[in-house]
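Residue strings, one per chain:
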Amino acid sequence: MDNDLTRTYIGRKSCGCVVFAMVDEPNANQQSKRELAKEIASCIRQGLTIESVTVDYVRNMQTMGCKCDKPKQDKPQLKFKVQ
Ligand SMILES: [Zn+2]
């Protein structure tokens, strides 16, 4: 079993955060391969950089996701003007 060398595609945002990871199963059926191609295409449309790495690389990656552009939009900001 050399499962760990299975190719995995990751999508990296311009800030450097990895927000997408999908394993490229060597014995996946045609439909799964199409799904994968579709996912990757949509990542590219979102402006992500696609990289091909090993499953191990993804496992060793402690963080997934991006918090860079979230902070202020989390809560609607209510502004009261006191006059
Ligand atoms: Zn980020």
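Residues numbered from 1 in each chain as written. Predicted model: local features only at pLDDT ≥ 70, side-chain atom pairs only at ≥ 80, totals over all residues. Heavy atoms only, no water.

1. Some thoughts on the coordination of the zinc ion
Right, so step 1: Of the protein atoms, only Cys15 (SG), Cys17 (SG), Cys66 (SG) and Cys68 (SG) coordinate the zinc ion, at distances of 2.3 Å.
Right, so step 2: By relative accessible area, Cys66 is classed as buried at 11%.
Right, so step 3: Overall, Cys68 belongs to the partly exposed group, its relative accessible area being 48%. (Donors = N, O, S within 2.8 Å, 3.2 Å for Na, K, Ca; no water. Buried < 20%, exposed > 50% of the residue type's maximum accessible area, 1.4 Å probe, protein only.)

2. Comments concerning the sheet that holds strand β1 (residues 7–12)
The strands making up a sheet associate through hydrogen bonds between their backbones, and the pairing can be parallel or antiparallel.
Right, so step 1: Taken together, the three strands give an open sheet; going across it, the order is β2-β1-β3, and neighbouring strands pair in antiparallel fashion. The open sheet has two edge strands, β2 (18–23) and β3 (49–54), and neither has a second partner. Within the sheet, the average angular offset between the axes of one strand and its neighbour, ignoring direction, is 25°.
Right, so step 2: Relative to β3, β1 is paired through six bridges, and the arrangement is antiparallel. Along β3, the bridge assignment pairs Arg12 with Thr49. (Pairing = 2+ DSSP bridges. Helix = DSSP H or I, 4+ residues; strand = E, 2+ residues; numbered from the N terminus. Axes fitted to C-alpha atoms, helices over the stretch in contact; angles between N-to-C directions.)

3. Here we look at the confidence of the model for the protein
Predicted coordinates in regions of low pLDDT should not be interpreted in detail.
Right, so step 1: Taken as a whole, the protein shows an average pLDDT of 85; of its residues, 80% reach a score of 70 or greater.
Right, so step 2: Across the protein, β3 holds the top mean pLDDT of 96, while helix α2 (residues 55–60) sits lowest at 90. (pLDDT = per-residue confidence, 0-100.)

4. What to know about the pairing of β2
On any regular strand, side chains alternate: one points to one face of the sheet, the next to the other face.
Right, so step 1: The pairing of β1 with β2 spans five bridges and is antiparallel. Residue Arg12 lies in a different strand from β2, and its bridge partner there is Val18.
Right, so step 2: Counting the residues in the hairpin turn of β1 and β2 gives five residues, including Gly16, whose phi is positive at 105°.

5. Considering the environment of Cys68
Right, so step 1: Position of Cys68 relative to the elements: it lies in the segment after α2.
Right, so step 2: The spatial distance from the C-alpha of Cys68 to the C-alpha of Gly16 is 9.8 Å, given a sequence separation of 52 residues.
Right, so step 3: With sequence-adjacent residues up to four places away left out, Cys68 is seen in contact with Cys15 and Cys17. (Contact = heavy atoms within 4.5 Å.)

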